[in-house]
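# Structural description and commentary
Spelled out, the chains give:
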Amino acid sequence: MAFQILLNFFIAVIWMFMNSSLTATTFIIGYLIGLILIIMTRRFFNSRLYVWRLWAAIKLTLLFFKELTLSNISVLMLVIRPKLKLQPMIFALPTELEHDWEITLLSSLITLTPGTIVLHVSDDQRTLYIHAIDVDDVDEAIDSIKNSFEKAIMEVSRA
């Protein structure tokens, strides 16, 4: 992936020198030409194109902002109720993530959304213990996290 990014950057710089123009517009045009060339020669690369990982990272960021907004609204609704009928719970979330940075990212995304916090990661790094402020169904909460954050992280990290 890093090779593809450097190659694309190199093609853009060569394009700038060929046109004798050192402007941002010329660089962007050269970068787009380099991207088209890399897409045309994609079968010669061992890994998938970096553009797809970049797109997956953008989707993960948008997913986080969506979940952040929804959880903020949810916690706000809990706070403004006249009677607090909370069901706080600690539950175990089994994870399929393998790398330390993936588990750290998942833990950070869970902790940054209001109403949830990761309390502990097991020694084998296969289970996250999460405290949630209001949970009706544990299986639904686990499926929600696995189908949103964990799936998006795996899409970014896996080739």
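Below or above, wherever it landed, is the structure these notes cover. (Residues numbered from 1 in each chain as written. Predicted model: local features only at pLDDT ≥ 70, side-chain atom pairs only at ≥ 80, totals over all residues. Heavy atoms only, no water.)

In terms of helices and strands, the protein chain carries five helices and three strands. In the protein chain, the order of α-helices and β-strands from amino to carboxyl end is α-α-α-β-α-β-β-α. Expected size for 159 residues packed as a compact globule is a radius of gyration near 15 Å; at 22 Å, the protein chain overshoots this value by more than 25%. Along the longest, intermediate and shortest principal axes, the C-alpha atoms of the protein chain span 70 × 35 × 20 Å. A buried classification covers 30% of the 159 residues belonging to the protein chain. A fraction of 67% describes how many contacts in the protein chain between residues 6 or more apart in sequence connect residues 24 or more apart. Here the protein chain carries 13 positive and 15 negative side-chain charges, and the mean point of each set is 9 Å from the other. (Helix = DSSP H or I, 4+ residues; strand = E, 2+ residues; numbered from the N terminus. Rg over C-alpha atoms; globule rule 2.2 N^0.38 Å. Buried < 20%, exposed > 50% of the residue type's maximum accessible area, 1.4 Å probe, protein only. Contact = heavy atoms within 4.5 Å. Lys, Arg positive; Asp, Glu negative; His and termini not counted. Charge placed at Lys NZ, Arg CZ, Asp CG, Glu CD.)

Before going further, it helps to spend a moment on the sheet that holds strand β3 (residues 127-132). Reading across from one edge, β1-β3-β2 is the order of the three strands in this open sheet, with antiparallel pairing throughout. Strands with a single pairing partner mark the edges of an open sheet, and in this sheet they are β1 (89-94) and β2 (116-121). Across the sheet, the axes of successive neighbouring strands diverge by a mean angle of 30°, strand direction being ignored. Of the strand pairs in this sheet, β1 and β3 are connected by six bridges, and their pairing is antiparallel. Within the sheet, the bridge partner assigned to Pro94 lies in β3 and is Thr127. Together, β1 and β3 form the strand contacts of helix α5 (residues 138-157), whose direction differs from that of β1 by roughly 45°. (Pairing = 2+ DSSP bridges. Axes fitted to C-alpha atoms, helices over the stretch in contact; angles between N-to-C directions.)

Here the focus is the pairing of β2. Summarising the sheet, β2 and β3 pair through five bridges and their orientation is antiparallel. Paired with His120 across the strands is Tyr129, a residue of β3. A loop of five residues connects β2 with β3, the two strands running antiparallel in sequence, and Gln125 in this loop sits at a positive phi of about 60°.

Moving on, we get to the environment of Ser107. Residue position: Ser107 is located in helix α4 (residues 100-112). Separated by 42 residues in the primary sequence, Ser107 and Phe149 place their C-alpha atoms 9.8 Å from one another. If sequence neighbours within four positions are ignored, Ser107 has contacts with Val118, Val121 and Leu128.

Our focus in this paragraph is the nonpolar core. Core analysis: the largest hydrophobic core is formed by 23 residues, its most contacted members being Phe91, Leu93, Leu106, Ile110, Leu128 and Ile130. Going through the elements one at a time, α3 (50-79), β1, α4, β3 and α5 are the ones with two or more residues in this core. With seven residues, α5 is the largest single contributor of residues to this core. (Core = buried A, V, L, I, M, F, W, Y, C linked by side-chain atoms within 4.5 Å.)

The next point concerns a negative patch on the surface. Taken together, Asp136, Asp137, Asp139, Glu140 and Asp143 make up a surface patch of like negative charges. Note that Asp139 resides in helix α5. (Patch = residues over 30% accessible without salt bridge, like charges linked within 9 Å, V, L, I, M, F, W, Y side chains within 5 Å. Areas by Shrake-Rupley, 256 points an atom, 1.4 Å probe, with all protein chains shown as cover. Salt bridge = Lys/Arg side-chain N within 4 Å of Asp/Glu carboxyl O.)

Moving on, we get to helix α2 (residues 24-40). Here α2 is 17 residues long and its end C-alpha atoms lie 24 Å apart, about the 24 Å a rise of 1.5 Å per residue gives. Of the residues making up α2, those classed as buried are Thr26, Gly30, Gly34, Leu35 and Ile38. In this structure, the buried residues of α2 make contact with α1 (2-19) and α3. (Expected span 1.5 Å × (residues − 1).)

Keep in mind that these numbers describe shape and distance, not what the molecule does.
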